[in-house]
Structure formats: C-alpha cells, structure tokens
Amino acid sequence: QVQLVESGGGLVQPGGSLTLSCAASGDAFSRNLMAWFRQAPGKQRELVAAIVQGGVTAYSDSVKGRFTISRDNAKRTVVYLQMNRLKPEDTAVYYCNAGPDYQWPGPGDYWGQGTQVTVSS
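Note that the structure is a prediction, hence the values are computed from the model and not measured.

Caption draft 1: The arrangement of the pairing of strand β5 (residues 46-51) in detail. Relative to β5, strand β4 (residues 33-39) runs antiparallel, the two sharing five bridges. When the sheet's bridge partners are listed, Phe37 is paired in β5 with Leu47. If you look at the hairpin formed by β4 and β5, you'll find six residues sitting between the two strands, and Gly42 has a positive phi there, around 80°. Two strands pair when backbone bridges link them, and β5 and strand β6 (residues 57-59) are joined in this way by three bridges, in the antiparallel orientation. Following the sheet pairing, Ile51 is matched in β6 by Thr57.

Here's what the structure looks like:
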C-alpha cells in the first residue's frame, strides 16, 4: 500500500507559477513510478508528467517546457510539480499517482485525493 497526500494548489493569475508537492509513504517498490495527472470539469483525467526509477521523466505536450517534475530520489518520499507560465487551460484538479515501474506508461495503482489549481485573473 502507498499513501499519497498532495498540497500546494490554489488560485494563480495567468503567467504565474505554482509548485505542487506530494508526500508519499508506504511500500517503496510501489513508489518507483510517480506521476501527476489532472482532470478538468467535463474532461477525462490526463497525464501531466511522470518520473520513473533512474530519474527518467515524461511530459504531456501541453505542459512540456513549462512544468517540471522532480523528487527526492534517495527516499522517494516527495514528488514535486513546478508549474510555470500557467494558463487558464491548466485549471484542473491535480492528482498524485504512484506504482511499480512496470505499470508505466500506464498510471500506477495509487492515487492521492487531489488538489485544485485555478488559473484566472
């Protein structure tokens, strides 16, 4: 089992920045893959960024160059999502996700509760 708790969401103006954090605990093997997904109203949940064992990262085309995923590699207890140059279309509930490496490129088994990010003037 893995427990995930997100923090850092909020309201930000277009062009601004925000950093999300996800505190992870539980089975270490199931924290090799860690990712951020988001879901906007009326839309399907989509991958934002992921990081797997060895520090390899992947991003959706819509956030590439603006968002950065990182984590404390040694302990894999925290994963961050640095979001820059935010746009109104980035507004969504952001979910932390974790699982074993072999589940990539799919989502891992474990989800956080989500944190709301609203980009608006």
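Caption draft 2: Region of the structure containing the pattern of salt bridges. Across all of its chains, the model carries four salt bridges by this definition. The partner of Asp90 in a salt bridge is Arg66, and the shortest N-O contact between them spans 2.8 Å. Placement of Asp90 in the loop between β8 (78-83) and β9 (92-99) and of Arg66 in the loop between β6 and β7 (67-71) is noted, with a sequence separation of 24 residues between them. For the pair Asp90 and Arg66, a shared accessibility class is recorded, and that class is buried. Taken together, the shared-partner salt bridges connect Arg38, Glu46, Arg66 and Asp90 into one network.

Caption draft 3: Main features of the packing of aromatic side chains. Here the structure, examined in full by the defined rule, presents three aromatic pairs. Ring geometry for Phe29 against Tyr102: centres 6.4 Å apart, planes inclined by 40°, an arrangement best described as tilted. Of this pair, Phe29 sits in the loop between β3 (18-26) and β4 while Tyr102 sits in the loop between β9 and β10 (110-111); the two residues are 73 residues apart in sequence, bridging distant segments of the chain. A relative accessible area of 46% means that Phe29 is categorised as partly exposed. Under the relative-accessibility criterion, Tyr102 is labelled exposed at 64%. Consider the rings of Tyr95 and Trp111, whose centres lie 6.4 Å apart with planes at 85°: the pair is edge-to-face. On the criterion of sequence distance, the pair formed by Tyr95 in strand β9 and Trp111 in strand β10 is long-range, its members being 16 residues apart.

What counts as what
Residues numbered from 1 in each chain as written. Predicted model: local features only at pLDDT ≥ 70, side-chain atom pairs only at ≥ 80, totals over all residues. Heavy atoms only, no water. Pairing = 2+ DSSP bridges. Helix = DSSP H or I, 4+ residues; strand = E, 2+ residues; numbered from the N terminus. Salt bridge = Lys/Arg side-chain N within 4 Å of Asp/Glu carboxyl O. Buried < 20%, exposed > 50% of the residue type's maximum accessible area, 1.4 Å probe, protein only. Phe/Tyr/Trp six-rings, centres within 6.5 Å; stacked < 30°, edge-to-face > 60°.

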